[in-house]
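Remarks on the overall topology
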Amino acid sequence: MTEAILLVGGKGTRLRPLTVHTPKPMVPAAGVPFLTHQLARARAAGVEHIVLATSYLAEVFEPHFGDGSSLGLHIEYVTEEEPLGTGGAIRNVASRLRSDPDDPVLIFNGDILTGLDIPALISTHRSSGADVSLHLTRVTDPRAYGLVPTDSAGRVQAFLEKPQTPEEIVTDQINAGAYVFRRSVIDAIPVGRPISVERETFPELLASGAHLQGMVDSTYWLDLGTPGAFVRGSADLVLGRAPSPAVPGRCGDRLVLPSATVASDAKLTGGTVVGHGATVGEGARISGSAILDGAVIAPGAVITDSLIGARAHVGARSILTGAVVGDGASVGPDNELREGVRIWCDAQIPAAALRFSSDQ
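Residues numbered from 1 in each chain as written. Predicted model: local features only at pLDDT ≥ 70, side-chain atom pairs only at ≥ 80, totals over all residues. Heavy atoms only, no water.

1. Focus: the sheet that holds strand E21 (residues 296-297)
- Strand order across the open sheet formed by six strands is E15-E18-E21-E24-E27-E30, with parallel pairing between neighbours. A single partner strand is all that each edge strand has here, and the edge strands are strand E15 (261-262) and strand E30 (348-349). (Pairing = 2+ DSSP bridges. Helix = DSSP H or I, 4+ residues; strand = E, 2+ residues; numbered from the N terminus.)

What follows is the structure, given as structure tokens:
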């Protein structure tokens, strides 16, 4: 049996206002909390026991997932009293693990949507005899990530955090946020203080002569840390570009959950999802967007690449592109909201208050 740790304690500040009332892993993507997709993929790979390392809004997780039996898992929950960083969070849950010292333990970051071949990563870990194995992926512009150069056999040579100059960019391989740790390595992480695995644990292991193995897997990978990326990830799940056994319906151009109401002449495309109890009015056009539970989209609204929060309202003929509307907010009729705008939870935007064109 393989067990896993999921790191789900972050505050998700880059995703606000989506994360004002909801921890980032619980924001719905393709109709279910994003964490559901990660749990389902882990179970499909043979994982049976998962420990969730929680912190921000920790009380939300257990009422939703319970003991994990509905997903065929046994889930335990450990809450950090003070933020401990990635390494500290991993060490903080070690007492809940059942593995022997040489057994592999999977570790996932709670904000990565990936098609990673989990069994292949475990197999690489076992066959290489590594202390830690890392999922690596290749990106066109690696400046926002941690670079991980490897030798011809895949053994990690260095960790270079967020390089900025051309001379520092020695590879396009980045740390993709999924690992396999030998259990004894977890137990050796210092207790009770903030630790970053990226900046402290991994470099120290490398300096001590430990074997860190990289496995490049160039299947689907997306960091959901920004609203735009989160919306794109949700759409890709609906379209079937990102694999998940947890999408509640057939993949296609749209996903309308059973209790939603959509007018017969409304047009939903590009992986749009309409959540429980949401309403889409006559003539509305929605593309590549997520309409969360209980939201109301009035007739004639045009919404593109946007996320409309739970119980939010978008007025008639309003046009939203690349926008985020927080839970319970109201955008009045005849507004135009463009790329990057964030309407905070429960905010009220009057009719025709924000425009980028004439009202004629």
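2. Concerning the nonpolar core
- Counting residues in each nonpolar core, the largest one holds 29 residues, and the members touching the most others are Ile5, Leu134, Phe181, Ile186, Phe202 and Leu212.
- Of all the elements in the fold, those that place two or more residues in this core are strand E1 (2-7), strand E4 (47-54), helix H3 (85-92), strand E6 (104-109), strand E8 (132-138), strand E11 (173-182), helix H5 (183-187) and helix H6 (197-207).
- In this structure Ile5 touches Val51, Ile90, Val93, Leu97, Val105, Leu106, Ile107, Phe108 and Ile186, once residues within four positions along its chain are discounted.
- Ala266, Val280, Ile297 and Leu337 belong to the second-largest nonpolar core, a separate cluster that totals 25 residues. (Core = buried A, V, L, I, M, F, W, Y, C linked by side-chain atoms within 4.5 Å. Buried < 20%, exposed > 50% of the residue type's maximum accessible area, 1.4 Å probe, protein only. Contact = heavy atoms within 4.5 Å.)

3. Section: the environment of Ala45
- Tracing the backbone through its elements, the reader meets Ala45 in the loop between helix H1 (34-44) and E4.
- When its relative accessible area of 23% is taken as the criterion, Ala45 is described as partly exposed.
- Ala45 sits 75 residues away from Ala120 along the chain, and the two C-alpha atoms are 9.7 Å apart.
- Non-local contacts of Ala45, meaning those with residues more than four positions away in its chain, are made with Ile118 and Pro119.

4. Thoughts on the environment of Leu237
- Looking at the element boundaries, Leu237 is found in helix H7 (residues 227-239).
- Looking at Leu237, the relative accessible area reads 0%, which means it is buried.
- Taking the C-alpha atoms as reference points, Leu237 and Ala30, 207 residues apart in sequence, are found 6.1 Å from one another.
- Leu237 has contacts with Ala29, Ala30, His37, Leu113, Ala242, Pro243, Ser244, Val247 and Cys251, leaving out every residue within four places of it along the chain.

5. A few points about the sheet that holds strand E28 (residues 336-337)
- In spatial order, the strands read E16-E19-E22-E25-E28; together these five strands make up an open sheet with parallel pairing. Two strands bound the open sheet, and with one partner strand each, they are strand E16 (267-269) and E28.

6. A closer look at unusual backbone geometry
- Here the residue pair Arg16 and Pro17 is connected by a cis peptide bond, since its omega of 15 degrees sits within 30 degrees of zero.
- On the secondary structure map, Pro17 appears in the loop between E1 and strand E2 (28-29).
- Phi is positive for Ala352, close to 50 degrees, though the residue is something other than glycine.
- For Ala352, the position within the fold is in the segment after E30.
- Judged by relative accessible area, Ala352 falls into the partly exposed class, the value being 40%.

In short, shape yes, function no, at least from these values alone.
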